[in-house]
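Commentary on secondary and tertiary structure
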Amino acid sequence: MFESKGLLKKMILTLLNKNKNKLLVVALISMFFFIFSLQKISLLTDNTDLGRHLTNGRLLLQDPELLTTNYYSANFSDHVFVNHHWLFGVFCNVIFQKFDYSGLILAKTFIYLVAFWLVWYLAAKRSGFWVASCFALPLAAVFLLRFNVRPEMFSVLFIAIYLLVLFDFDESPTRLIFVLPLLQLIWVNTHIYFFIGVFIYVLFFIYYFYKIKNFDNNVKSLIWVGILLGLMCFLNPNTYRGAFYPFMILKDLNLNLTDNRWLWQAKLLGQPFLLIQYFLLLLSSLSLLVSGKKQNIFKVGLMVFAIIFSLFAIRNAAIGAVVCYPLLCMNINNVISDKKILLIPGMLLPCFILCSWPAVNYVQNIGLGTQDSYNGSVLFVTKNKLQGPVFNDFSSGSFLIKELFPKIKPFVDSRPEAYPEYLWQTEYKGALHNETIFKQLKNKYGFKMIYFSLTGYYDFLDRRVKDPDWLCVYADRFSIIFLDKAAYPDFDGQAITKDNMEAQFQYLYNRRDSRSRKVWYKLMWLFRGADK
């Protein structure tokens, strides 16, 4: 037994000595990814959906109607809604109850890190370690574009598993292929991009059958797995509506969200890692053209899909990258003989971008838990026993659901598809830009409070500051609250005004982080122009 232990120890030491350079590269890039993924949570700026997901997980058993209706809405609770991510809410709530927000950050980081390692392993296996490593750092940087706790992190993980299982099956068929239907069952109840798994599988089946050209046992296994995958798509609370919802949701997206814009419509300013996404897509496109006949239909189909899907919406960055990355490495390995030249763009570009000033925000938010004072507004509302109805912005709705539901129900939240089209196009957007419409809405819904996150809409906030019918009673680095003067006359002497604004906002100026300074400038701009 002692001889066996000695032999095992010797083998491990030999492996470490032989591959110490490779292990060092893996450790350094993984450490970079791990550290930058540890971003403190704010439910009002970055993780604007997380509050609702946590509440879904907490209330699911006692209120199952949240699976099929807009359960949290103050005015549209009977509006039909397909909850395609309920299982993600359960997952988040279980972790949150045990480990709070720090546990969610670590869980998110672990899931992305596993997906990262899986596609890195696939790329290294098919193209060599150093080719895969050259583009591992850009891949990690693109993942950081979507560093928040979101359901799509499971889509990234499942796509990585699908690719690894299918490429291995092509090389040496095993029964591991039957794991995919189980993943699909989880996927269909976790994130709306579950259809990508079916697409990848169908594409692989077409390629594999064309290569084999007969119905052997492997093809029969693929057929059975394909049937199971299709059936799993219907095993969700909304059955057929849930299965086909990915193809119907676009007509229900009644608001032009930043995440849903085409990639070329994105502003590079303030998003340093977006430039790396452009870099990866450009290289992927060039590698596809240069590789030519060395490609097969499966690889070509995957690459074309990933490039188009990435361009289609900013939110698809990580999805596109996890598909493009191993294929890019395979293509480059086929066409470039001197792999050392890859070190320049692969390693230096992310390092250069990390030194740019927009990346400072990523560094300042590194850590566990929540960003400082993110829930100060909730404490203010609770302490003063404020009540709705409330007029809130798109970004703050899920936060209100998490912290104040059911005492205060949001007017809107970050689900465009969960509300009727006229609400977004006529009422919500109209109220933000037209005073007459806002006053009509106030009379219609009886708003007593305005709760906005400080992520935009400054023209609307400027009008509220100047409006004698509304009192600004609270503002911090994340949110601002106005009260109807007629409903809350006692707050008249406590309001933030042009005369006391410097004292009220001095603490923001004294903070050293860039967000606090930015909010300080915006608030000072708002109140300096106030003249009630």
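On a predicted model such as this, the values are computed, not experimentally measured, just so you know. (Residues numbered from 1 in each chain as written. Predicted model: local features only at pLDDT ≥ 70, side-chain atom pairs only at ≥ 80, totals over all residues. Heavy atoms only, no water.)

The next point concerns the nonpolar core. Counting 130 residues, the largest nonpolar core has Leu-104, Ile-196 and Tyr-325 as the members making the most contacts within it. By residue number, the principal contributor to this core is helix H4 (residues 86–127), which donates 17 residues. For Tyr-325, the residues in contact, after removing those within four places along its chain, are Val-119, Trp-120, Ala-123, Ala-132, Ser-133, Phe-135, Ala-136 and Leu-139. Grouped together as the second largest cluster of nonpolar side chains are 39 residues, Phe-81, Ala-475, Met-501 and Phe-527 included. (Core = buried A, V, L, I, M, F, W, Y, C linked by side-chain atoms within 4.5 Å. Buried < 20%, exposed > 50% of the residue type's maximum accessible area, 1.4 Å probe, protein only. Helix = DSSP H or I, 4+ residues; strand = E, 2+ residues; numbered from the N terminus. Contact = heavy atoms within 4.5 Å.)

Throughout the structure, instances matching the rule amount to 56 aromatic pairs. With a centroid separation of 5.7 Å and an interplanar angle of 85°, the aromatic rings of Phe-452 and Tyr-457 are classed as edge-to-face. Residue placement shows Arg-415 over the ring face of Phe-81; its charged tip is 4.6 Å from the ring centre. Over the ring of Tyr-458 we find Lys-522; its NZ or CZ atom is 4.9 Å from the centre of that ring. (Phe/Tyr/Trp six-rings, centres within 6.5 Å; stacked < 30°, edge-to-face > 60°. Lys NZ or Arg CZ within 6 Å of the ring centre and 35° of its normal.)

What follows covers the pairing of strand E3 (residues 470–475). Counting buried positions over the 6 residues of E3 gives 6, a clear majority of the element. The hairpin formed by E3 and strand E4 (residues 479–484) contains 3 residues between the paired strands. (Pairing = 2+ DSSP bridges.)

Next up on the list: the confidence of the model for the protein. Overall, the prediction assigns the protein a mean pLDDT of 82, with 85% of residues at 70 or greater. For the protein, helix H1 (residues 2–18) is the element with the lowest average pLDDT, namely 49, and helix H8 (residues 179–188) is the one with the highest, namely 95. (pLDDT = per-residue confidence, 0-100.)

A few words on the sheet that holds strand E1 (residues 390–392). The sheet built from 4 strands is open, its strands ordered E1-E2-E4-E3 with mixed pairing. Each end of this open sheet is capped by a strand with a single partner; those strands are E1 and E3. Each adjacent strand pair in this sheet contributes to an overall mean axis angle of 20°, direction not counted. Sheet topology note: the E3/E4 ladder contains 5 bridges and is antiparallel. The residue of E4 that forms the bridge with Ala-475 is Ile-480. (Axes fitted to C-alpha atoms, helices over the stretch in contact; angles between N-to-C directions.)

Following the criterion strictly, the structure yields 15 salt bridges and no others. Residues Asp-170 and Lys-211 are paired through a salt bridge, measuring 2.4 Å at the closest nitrogen-oxygen approach. Linking Asp-170 in helix H7 (residues 152–171) with Lys-211 in helix H9 (residues 195–212), this pair joins segments that are 41 residues apart in sequence. A relative accessible area of 17% means that Asp-170 is categorised as buried. (Salt bridge = Lys/Arg side-chain N within 4 Å of Asp/Glu carboxyl O.)

Within E4, 6 of the 6 residues are buried, leaving the element largely enclosed by the surrounding structure. Two elements, strand E2 (residues 449–453) and E4, share 5 bridges in a ladder whose sense is antiparallel. Its bridge partner lying in E4, Ile-450 is registered against Phe-482.

Attention shifts here to the side chain of Asp-484. As for its position among the elements, Asp-484 is in strand E4. The buried category is assigned to Asp-484, whose relative accessible area is 9%. Leave out the neighbours within four places in its chain, and Asp-484 touches Lys-442, Phe-447, Lys-448, Asp-469 and Trp-470.

The next point concerns the packing of H7 against helix H14 (residues 317–335). Interaxial distance between H7 and H14 falls to 8 Å at its minimum, and their mutual angle equals 25°. Compared by their axis directions, H7 and H14 come out roughly parallel. The two elements H7 and H14 cross, and the hand of that crossing is right-handed. Contacts between H7 and H14 involve Glu-152, Ser-155, Val-156, Ile-159, Ala-160, Leu-163 and Phe-167 from the former and Ala-318, Ile-319, Val-322, Val-323, Pro-326, Leu-327 and Met-330 from the latter. Its residues assigned to classes, the contact of H7 with H14 comprises 12 nonpolar, 1 polar and 1 charged. (Parallel < 35°, antiparallel > 145°, perpendicular 65-115°, else oblique. Left-handed = near helix turned anticlockwise from the far one by under 90°. Nonpolar A, V, L, I, M, F, W, Y, C, P; charged D, E, K, R; others polar.)

Following Gly-388, the chain continues into Pro-389 via a peptide bond in cis, with omega recorded as 5°. Within the fold, Pro-389 resides in the loop between helix H17 (376–383) and E1. The linkage connecting Phe-405 with the following residue, Pro-406, adopts the cis geometry, with an omega of 5°. Positionally, Pro-406 belongs in the loop between helix H18 (397–404) and helix H19 (421–433). The phi dihedral of Asp-100 is positive, around 60°, even though this residue is not glycine. Examined against the element boundaries, Asp-100 turns out to sit in helix H4. Despite not being glycine, Lys-385 has its phi angle at roughly 50°, a positive value. For Lys-385, the location among the structural elements is in the loop between H17 and E1.

Among the residues making up helix H22 (residues 501–510), those that are buried are Met-501, Phe-505 and Leu-508. In a view along the axis of H22, the buried residues occupy a sector of 40°, so they form one face of it. Of the surrounding elements, those touching the buried residues of H22 are E3 and helix H23 (514–528). (Arc of directions from axis to C-beta.)

With that settled, the discussion passes to a nonpolar patch on the surface. On the surface, Phe-178, Phe-215, Ile-223, Trp-224, Ile-227, Leu-228 and Leu-231 cluster together to form a nonpolar patch covering roughly 680 Å² of accessible area. Tracing the chain through its elements places Trp-224 in helix H10 (residues 217–232). For Trp-224, a relative accessible area of 56% translates into the label exposed. (Patch = residues over 30% accessible without salt bridge, like charges linked within 9 Å, V, L, I, M, F, W, Y side chains within 5 Å. Areas by Shrake-Rupley, 256 points an atom, 1.4 Å probe, with all protein chains shown as cover.)

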